[in-house]
Amino acid sequence: MHIRKSLIKLIGLFLSKERRDYNKRCEKSEDWINRQKIKPYWWEKGRPGKYRYFMPYIQFRSWLTRKPWIVSIDWALTTYCTLACRDCSHFMTEFTKETHLPPISFEQYKRQLDMLLKHVDGIYNLQIVGGETLMVKDLPQIVDYTAKTGKVKHIIVITNGTMIPKPKLLEVMAKHKGIAEILISDYSSNKDLLPRLKYDELKKTLDDADVSYVEVFDKEWVGVPKYTPDFDRERARRYYSYETRECLFHQTLHLIDGMLAVCPFHGWGLKHGILNHIEPKEYIPLEELTTKKLYKWLAKPYYDLCGYCIVDCVPRPNAIQKEGMTCSH
Ligand code: SF4
């Protein structure tokens, strides 16, 4: 243990302040390790608080390649969804006809992933989110290409269980079983939704196709964050702090429509022109991404953006549908 700490310190001497701050952020991200059932890599073995090799591995690699790791990122492939949840943490029901993002095509996705991967040594968890991800026609090609890059260690495709994956997707998911898995958000505690949820059929289909999956039982949700025009630095610090973890998104980045954003609130606000005044810009269009910019961005202890946000932690029943809507597009 002592040798490991000394080694990390020594390596740290060669790193810039940004890189040291960035390392600090990664160290706090151990929550993400082994969340999924798939076989761990040797460097992610261990148990909470005792992951001996995770940080040395990614720090050492990052030092060698001079490129950072992204520990966790949500990539919204579409804002279309089969449901219309009033408290959707990804704001899907707030998108309008003009701002909705139809499902991304493989060509668009590949272009954006290549731009991102050029500046990172690795991505630990890439969570493919929507909207409803199974509405994305090119999802099989997207998963296949991502897995083949070798830089993305886990691909988690999140679904709300209202659709059954097509055979092509099942085939690709089974082929990349050690890397890719499906996460089923289980909303079955909301009895009104039961006629629309196909969990049993979905699980049987995944089992038959030898696809790895996990179920996350979402009994309670919190409210959607709200924008306030009054800036409060203290609130920004508190929300994003690793210690208080007051915000649900305190460690996961968000990628939407070619923009790296802090969280879904940020992505939605940018798409609707609500957060454009925040300076310095706290989002990065992928076209403008450089390794240096990314380090700097990842090293931030908090974002000013959070000082304009009011999170609502009051629990409420999950997946309540917005009145008058059956799906969010
Ligand atoms: S702006 Fe900050 S506090 Fe608000 S949802 Fe995003 S990360 Fe959380």
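Bear in mind that the values here come from a model prediction, so they are computed numbers and not experimental data.

1. Things to note about the overall build of the protein
Counting secondary structure elements, the protein contains 10 helices and 12 strands. The buried share among the 329 residues of the protein stands at 36%.

2. Some words on the site of the ligand
In the neighbourhood of the ligand, 13 residues make up the surrounding shell, with Tyr239, Cys247, Cys263, Cys306 and Cys309 lying closest. Among the secondary structure elements, those contributing two or more residues to the shell around the ligand are helix H8 (233-240) and helix H9 (264-271). Grouping the amino acids of the shell around the ligand by side-chain chemistry returns 12 nonpolar, one polar and no charged.

3. Considerations on the pairing of strand S1 (residues 69-76)
Where burial is concerned, most of S1 is hidden: seven out of the eight residues are buried. Following the chain from S1 across helix H4 (residues 106-117) to the adjacent parallel strand S2 (residues 122-129), one finds a crossover that is right-handed. Pairing geometry for S1 and strand S8 (residues 253-256), over four bridges, is parallel. Bridge assignment links alanine 76 to a residue of S8, and that residue is isoleucine 256.

4. Quick notes on the nonpolar core
Grouped together as the largest cluster of nonpolar side chains are 76 residues, with contacts concentrated most on Trp75, Ile128, Val143 and Ile155. The element contributing the most residues to this core is S1, with six residues. Isoleucine 128 has contacts with Trp75, Leu77, Thr133, Ile155, Ile156, Val157 and Ile158, leaving out every residue within four places of it along the chain.

5. Looking at the pairing of S2
Buried residues dominate S2, accounting for eight of its eight residues. With five bridges joining them, S2 and strand S3 (residues 152-159) adopt parallel strand pairing. Counted as the bridge partner of asparagine 125 is histidine 154 from S3. Taken together, S2, helix H5 (residues 139-149) and S3 form a β-α-β motif whose crossover is right-handed.

6. Let's talk about the packing of H4 against H5
One can describe the packing of H4 onto H5 by two numbers: an axis separation of 10 Å at closest approach and a directional angle of 20°. When the interaxial angle is binned, H4 and H5 end up roughly parallel. At the point where H4 passes H5, the crossing takes the right-handed sense. Note on element contacts: H5 touches H4 through Gln141, Ile142, Tyr145, Thr146 and Thr149, opposite Phe106, Tyr109, Lys110, Leu113 and Leu117. Tallied by class, residues from the contact of H4 with H5 come to six nonpolar, three polar and one charged.

7. Considerations on unusual backbone geometry
Of the consecutive residues glycine 130 and glycine 131, the connecting peptide bond is found in the cis state with omega at 10°. For glycine 131, the position within the fold is in the loop between S2 and H5. We note that arginine 66 has phi near 60°; this positive angle belongs to a residue other than glycine. In this fold, arginine 66 is placed in the loop between helix H3 (54-65) and S1. Since 12 C-beta atoms lie within 10 Å of it, arginine 66 is described here as exposed. The phi torsion at alanine 319 lies on the positive side, around 45°, for a residue other than glycine. With respect to the secondary-structure elements, alanine 319 resides in the segment after strand S12 (316-317).

8. What to know about the packing of H5 against helix H6 (residues 167-175)
Two elements in contact, H5 and H6, have axes separated by 8 Å at closest approach and are oriented at 15°. When the axis of H5 is compared with that of H6, the two are roughly parallel. Between H5 and H6 lies a crossing whose hand is left-handed. Where H5 approaches H6, its residues Leu139, Pro140, Val143 and Asp144 are matched on the opposing element by Lys168, Leu169, Val172 and Met173. Each residue belonging to the contact of H5 with H6 can be placed in one class, and the counts come to six nonpolar, no polar and two charged.

9. So, the environment of phenylalanine 91
Relative to the assigned elements, phenylalanine 91 resides in the loop between S1 and H4. Residue phenylalanine 91 is classed as buried on the basis of its 20 C-beta neighbours within 10 Å. If we skip the residues at most four places from it in the chain, phenylalanine 91 touches Val224, Pro264 and Trp268.

10. Remarks on H4
If you check H4, its first and last C-alpha atoms are 16 Å apart, about what 12 residues at 1.5 Å a residue would give, namely 16 Å. Within the span of H4, buried status applies to Tyr109, Leu113 and Leu116. Projected down its long axis, H4 carries its buried residues within an arc of 60°, all on one side. Looking at H4, the residues exposed on the side facing more than 90 degrees away from the buried face are Glu107 and Asp114.

11. So, the sheet that holds S3
The mixed open sheet is built from eight strands, whose spatial order is S5-S4-S3-S2-S1-S8-S9-S10. A strand with exactly one partner marks an edge of an open sheet, and here the two such strands are strand S5 (213-217) and strand S10 (284-285).

Rules behind the numbers
- Residues numbered from 1 in each chain as written.
- Predicted model: local features only at pLDDT ≥ 70, side-chain atom pairs only at ≥ 80, totals over all residues.
- Helix = DSSP H or I, 4+ residues; strand = E, 2+ residues; numbered from the N terminus.
- Buried ≥ 20, exposed ≤ 12 C-beta atoms within 10 Å, placed from the backbone.
- Near = placed C-beta within 6 Å.
- Nonpolar A, V, L, I, M, F, W, Y, C, P; charged D, E, K, R; others polar.
- Right-handed = clockwise from strand over helix to strand, strands pointing away.
- Pairing = 2+ DSSP bridges.
- Core = buried A, V, L, I, M, F, W, Y, C linked by C-beta atoms within 7 Å.
- Contact = placed C-beta atoms within 7 Å.
- Axes fitted to C-alpha atoms, helices over the stretch in contact; angles between N-to-C directions.
- Parallel < 35°, antiparallel > 145°, perpendicular 65-115°, else oblique.
- Left-handed = near helix turned anticlockwise from the far one by under 90°.
- Expected span 1.5 Å × (residues − 1).
- Arc of directions from axis to C-beta.

By themselves these figures say nothing about function.
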